[in-house]
2 protein chains.
Amino acid sequence: MSVSPAEVLGVSIVAGKDVIGSAGSVRARTAATGEDVEPTFGLLDLDQLDAAVAAAADAFATYRETSPGRRAAFLEAIAEEIEADRDQIVGRAVLESGLPEARLSGEVGRTTGQLRMFADVAAQGDHLGVRIDPALPDRTPAPRPDLRQRMIPLGPVAVFGASNFPLAFSTAGGDTASALAGGCPVVVKGHPAHPGTGELVARAVARAAARTRMPAGVFSFVLGAGNEFGRALVSDPRIRAVGFTGSRAGGQAIVEVAQRRREPIPVYAEMSSINPVVVLPGALDGDVDGLASAYVGSLTLGAGQFCTNPGLVFVPTGDTGDRFVTAAGRLVGEAIGQLMLTPEIAEAYARGVADLAATDDVRRVADGLAGDGPGRPAPVLNEVAASDVGRVEREVFGASSVVVRYDGVDQLASALAAIEGQLTATVQYAPSDVEEARRLLPVLEDRVGRILFNGWPTGVEVCHAMVHGGPYPATSDARTTSVGSLAIERFQRPVCYQDVPDELLPQAVRDDNPWALSRRIDGTLSLGERDR
Amino acid sequence: MSVSPAEVLGVSIVAGKDVIGSAGSVRARTAATGEDVEPTFGLLDLDQLDAAVAAAADAFATYRETSPGRRAAFLEAIAEEIEADRDQIVGRAVLESGLPEARLSGEVGRTTGQLRMFADVAAQGDHLGVRIDPALPDRTPAPRPDLRQRMIPLGPVAVFGASNFPLAFSTAGGDTASALAGGCPVVVKGHPAHPGTGELVARAVARAAARTRMPAGVFSFVLGAGNEFGRALVSDPRIRAVGFTGSRAGGQAIVEVAQRRREPIPVYAEMSSINPVVVLPGALDGDVDGLASAYVGSLTLGAGQFCTNPGLVFVPTGDTGDRFVTAAGRLVGEAIGQLMLTPEIAEAYARGVADLAATDDVRRVADGLAGDGPGRPAPVLNEVAASDVGRVEREVFGASSVVVRYDGVDQLASALAAIEGQLTATVQYAPSDVEEARRLLPVLEDRVGRILFNGWPTGVEVCHAMVHGGPYPATSDARTTSVGSLAIERFQRPVCYQDVPDELLPQAVRDDNPWALSRRIDGTLSLGERDR
């Protein structure tokens, strides 16, 4: 029997080979109805998982030293192979996630664009961070040895994708692309909410690896059951870092496992965020209805299932603030619930909304309309005084938001300074607000990874200056980002070579600079070929 | 009463002011005799500690945005003020640490050189990591906003210095210098083994802060009792990172406290290392006596009290290996114990040596001679087979080393792959060893932060390419270094500014580049003034 390369077989893909799991099976479900869809997926047992990790460790020996050009070719090939199966991937992802076709088609573009950006980053090689301090044999009182530094990849990386971006934050998403670009093999734990989408993407990655002659173990896609499987992956001594996007509880559990290892490893978990938006008084002097409309648009986009959903909106007390809240309430009241990613997510949303309703001093501003069919709960808008913001400071994943009424910039600054770490903060601003904004900026910098003015936080650009990160509990490690080219630096560490003979020096740190890299020589930066 | 600025008063220095602790007192002791020396030091209570942290948080508001030039001037001034009190500082450090005057005088130079290197780094500003992706208003399907990224300082940093470098790794050592260079106020917990040295250095820092008009809270030096005091410092929500050099138990305790905080913070703990040295067969074809002499010189330097002391030396089995061991044993047998830093350290050394003597299959090669007077224990050399290396894999801080006899490169590679993370690995090498060395390099890269050829690991150059770090338990975070200019990156994190109006943009990311920084624009690096 010959199968189309883009057919879902219900398998894991371990080092380029289809593997039927022998620890039971599961069905994928449609997001729309929760009904099972074909085929049955086999779940790997721990020995099968071990084989994937072993293959990754094995591949690391050669993959870590691949040249910038070869690594870029691999990433480019992944983008091409995904594009070759675009229709099948989008079709399957629509079925499994319930997200609209246009959105998922766009997400393919985001995913391949991200892979190509990391191909460029790998080719440029600036992440290698080469530093050379040449020997000073005549220095007194003691000569200086020859010292060279480069970043080396940490080793095999475990990736746990997200349900809300079945492509861009999953199998071949940002974590995978940046780890591969940095020289780390990847073992992706397939997400149970979109196993077929994962398998199709994984097959594309495996084809790209074969086509560009990468070691097969450079990538595996493993489907397994439950927490034990994930714990085994994170605990494996050959795994050297973890990328995770998901819930706070899930991220914290992984962090704990990683810290309890004999040799703890970095975990980059992007967990939860309610993304405060600050409406300054001057911003309400303009088009209040337009502002409210943009707010509700951001809130309800994709059923509110974005890490950057605006969950907390600070609005001044008083008449113009009231007008904004009324306008937003009217729009939320008219908004229709969209299909959520899974029945469990819809249920968690309902619980979160009920919790808010039962919270003292929280006023319901508006209830939207439930959508037609199950799993399409109504959007909700609540309101609270700034002095009570602590009561509502929790993520309700979905189209739920809370307006926080503040009385002057002092109260606003205090409330913002006290919130937990967040991915983003947004300021609605007019030039007349300049003093208030100047005062708030350092407060926001302390609490978030990205500050936006006069926009909305949903929509994260994939580029060099992006930060999709922030203080705990937005992420488990605020010193980095999971989106944008800086993300490659998560998976490496520096090594210094002292008086290492020429014949043994890694390519990156040789005097003749065969990879034409940017380098810091005696502390002064010189540009490589691709930076000139 | 007028006192010389370089007189030890027995105080803490909180935000520029002498503070007499009200939670009891301690005396400093001479390393040589363990006798008390004047004056009495008051220990701060937790309210007094709170005042120091509050002052640091307060200072952060302005210090974080000081220009590269001003910050460089501050660091340069610290170096000058330390030099102004050089004689008093060295004299006091000799008394408290027992280290020779020449060594401590050299350490002043290392400390001031390090401060000046970080002054240069701050002035250059490359650590700000500026990235700008300009807006693309005409892009389809969606325009790109204006996105700018810079690194911001984390906030106040707690520093726990080391006893073995009372200047270069203590009050104004590498952690303090790099944190200040990065824009973070510092609260140093004064080391109980050299409180007077600490006070003198702290006073120099405070003078420099006043002279360069820095906020007084930018630096405090706090003497307090025991673990509770240290825990309170690390637990304080206003402290945002920790630098530590010391024992494994001490470092692990701090990591645990930091991870249990409501908002966990990074801890950079440099803890323990036994620094494997690999003698390859070809290296024994040359001057075996010279090699043995260099080894024993490195081992006994400073009573063996270096983090980079060569504690584990892999030597081939067979005749030439035997000759090396015999030569090293003869030299250790003649070596005389030097004064250790504190009576407790000398006792811990004695326990470690006794443990080794009681360990099965460990052969004592040589005992040196105890020095004249207390706290001068004899150097010791042991030997073990490579198959038993796991039995001796623990740090004995002092002049103790174990020769590990290996039988061929396969056994050597396996033994090295299995060791814990280390700061350094050293290879004694001749060109005939090239194949063995090529095979070992990736193994060593995986286990250490610095690889040296034909040298000895003691002696850590302060420069741009240095890595003084390595996998756990050498440090608590392998992704960085505590020595060298890269260390500044430990105390910062990225923030992205999206469509932030010109009038509010931080200096570092403005279009007109007022600080003349190197920047990455649309992913391409362009050189700043100090890199050109």
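Residues numbered from 1 in each chain as written. Chains lettered and ligands numbered in written order. Predicted model: local features only at pLDDT ≥ 70, side-chain atom pairs only at ≥ 80, totals over all residues. Heavy atoms only, no water.

Caption draft 1: Spotlight on the overall build of chain A. Of regular secondary structure, chain A possesses 13 helices and 21 strands. The C-alpha atoms of chain A give a radius of gyration of 25 Å, which matches the 24 Å a tight globule of 532 residues would have. If you line up chain A on its principal axes, its C-alpha atoms span 75 × 70 × 40 Å. Here chain A holds 532 residues, and 64% of them are scored as buried. Partitioning the contacts of chain A with sequence separation of at least 6, the portion at a separation of at least 24 is 76%. Averaging the coordinates of the 49 positive side-chain charges in chain A and doing the same for the 67 negative ones gives two points 5 Å apart. (Helix = DSSP H or I, 4+ residues; strand = E, 2+ residues; numbered from the N terminus. Rg over C-alpha atoms; globule rule 2.2 N^0.38 Å. Buried < 20%, exposed > 50% of the residue type's maximum accessible area, 1.4 Å probe, protein only. Contact = heavy atoms within 4.5 Å. Lys, Arg positive; Asp, Glu negative; His and termini not counted. Charge placed at Lys NZ, Arg CZ, Asp CG, Glu CD.)

Caption draft 2: Fine view of the sheet that holds strand β20 (residues 519–521) of chain B. The strand order across the open sheet formed by 12 strands is β14(A)-β15(A)-β16(A)-β13(A)-β12(A)-β17(A)-β18(A)-β19(B)-β6(B)-β5(B)-β20(B)-β21(B), and the pairing between neighbours is mixed. Each end of this open sheet is capped by a strand with a single partner; those strands are β14 (363–367) of chain A together with β21 (524–526) of chain B. Across the sheet, the mean angle from the axis of one strand to that of its neighbour is 20°, orientation sign disregarded. With seven bridges connecting them, strand β6 (residues 147–153) of chain B and strand β19 (residues 492–498) of chain B associate as antiparallel partners. Looking at the pairing, R150(B) lines up with V495(B) of β19(B). Strands in contact with helix α10 (residues 319–334) of chain A are β13 (312–316), β14, β15 (380–385) and β16 (400–406) of chain A; relative to β14(A), the strand with the most contacts, it is inclined by about 45°. This element, helix α11 (residues 343–357) of chain A, spans β14, β15 and β16 of chain A of the sheet and lies at about 30° to β16(A). (Pairing = 2+ DSSP bridges. Axes fitted to C-alpha atoms, helices over the stretch in contact; angles between N-to-C directions.)

Caption draft 3: The sheet that holds strand β7 (residues 157–160) of chain A, seen in detail. Residues and elements named next belong to chain A. One open sheet accounts for seven strands, arranged β2-β1-β9-β8-β7-β10-β11; its pairing is mixed. Only two strands of the sheet have a single partner each, and these edge strands are β2 (17–19) and β11 (267–270). Across this sheet, the average inter-strand angle for adjacent strands is 20°, counted without regard to direction. Two strands pair when backbone bridges link them, and strand β1 (residues 12–14) and strand β9 (residues 219–222) are joined in this way by two bridges, in the antiparallel orientation. Following the sheet pairing, V14 is matched in β9 by S220. Against the sheet, helix α1 (residues 46–63) engages β1, β2, β8 (186–189) and β9, with an angle of about 165° to β9.

Caption draft 4: Quick look at the domain arrangement of chain A. Residues and elements named next belong to chain A. Entries for chain A in the domain assignment read domain 1 (12–271 + 481–489), domain 2 (276–453) and domain 3 (501–531). For domain 1 versus domain 2, the separation of C-alpha centres amounts to 33 Å. Between domain 1 and domain 2, the contact holds 16 residues from the first and 16 residues from the second. Both faces combined, the contact of domain 1 with domain 2 buries some 1,200 Å², and carbon together with sulfur accounts for 55% of it. Linking domain 1 with domain 2 are two salt bridges, by the criterion used here. We note a salt bridge from E344 to R29, for which the minimum N-O separation is 3.0 Å. When its residues are assigned to classes, the side of domain 1 that touches domain 2 shows six nonpolar, five polar and five charged. (Domains from an automatic or database assignment. Buried area = accessible area lost by both parts, 1.4 Å probe. Salt bridge = Lys/Arg side-chain N within 4 Å of Asp/Glu carboxyl O. Nonpolar A, V, L, I, M, F, W, Y, C, P; charged D, E, K, R; others polar.)

Caption draft 5: Up close: helix α3 (residues 86–97) of chain A. Residue and element names in this part refer to chain A. Its 12 residues give α3 an end-to-end C-alpha distance of 16 Å, which sits within 8% of 16 Å, the value for a rise of 1.5 Å per residue. Within the span of α3, buried status applies to I89, V90, R92, A93, E96 and S97. Along the axis of α3, the buried residues cluster in a sector spanning 165°; they form a single face. Elements that come into contact with the buried residues of α3 comprise β3 (25–29), β4 (36–42), α2 (68–84), α4 (101–124) and α6 (195–211). Remark: G98 follows α3 within two positions and exhibits a positive phi of approximately 75°. (Expected span 1.5 Å × (residues − 1). Arc of directions from axis to C-beta.)

Caption draft 6: Representation of the interface of chain B and chain A within the structure. Across the boundary between the two partners, chain B contributes 76 residues, which contact 76 residues of chain A. R150(B) serves as the salt-bridge partner of E445(A), at 2.8 Å between the closest nitrogen and oxygen. For the pair chain B and chain A, the interface holds 54 residue pairs in polar contact (both at pLDDT 80 or more). In terms of residues, the side of chain B that touches chain A owes the most to one element, helix α13 (residues 434–447) of chain B, which gives eight residues. Looking at side-chain class alone, the side of chain B that touches chain A contains 35 nonpolar, 12 polar and 29 charged residues. In this sheet, strand β18 (residues 448–453) of chain B lies alongside strand β19 (residues 492–498) of chain A in parallel orientation, the contact comprising three bridges. (Polar contact = N/O pair within 3.5 Å; in protein donor to acceptor, adjacent residues only side chain to side chain.)

Caption draft 7: How the structure looks around the packing of helix α1 (residues 46–63) of chain B against helix α7 (residues 226–235) of chain B. Residues and elements named next belong to chain B. Across the interface, α1 lies against α7 with an axial gap of 11 Å and an inter-helix angle of 30°. With respect to α7, the axis of α1 lies roughly parallel. As for the relative orientation of α1 and α7, their crossing is right-handed in sense. Along the contact surface, α1 presents L46, L49 and V53, while α7 presents E228, F229, A232 and L233. Of the residues in the contact of α1 with α7, the class split is six nonpolar, no polar and one charged. (Parallel < 35°, antiparallel > 145°, perpendicular 65-115°, else oblique. Left-handed = near helix turned anticlockwise from the far one by under 90°.)

Caption draft 8: Representation of the pattern of salt bridges. Counted by the stated rule, this structure contains 80 salt bridges over all chains. The salt bridge involving E263(B) is made with R447(A); its shortest N-O contact spans 3.0 Å. Of this pair, E263(B) sits in the loop between α8 (248–260) and β11 (267–270) while R447(A) sits in helix α13 (residues 434–447), on two different chains. Exposure remark for R447(A): the relative accessible area of 4% places this residue in the buried category. Between D236(B) and R238(B) there is a salt bridge whose closest N-O contact spans 2.8 Å. The exposure class assigned to D236(B) is buried, which follows from its relative accessible area of 10%. Salt bridges linked by common partners bring E80(A), E81(A), D85(A), R207(A) and R211(A) together as one network.

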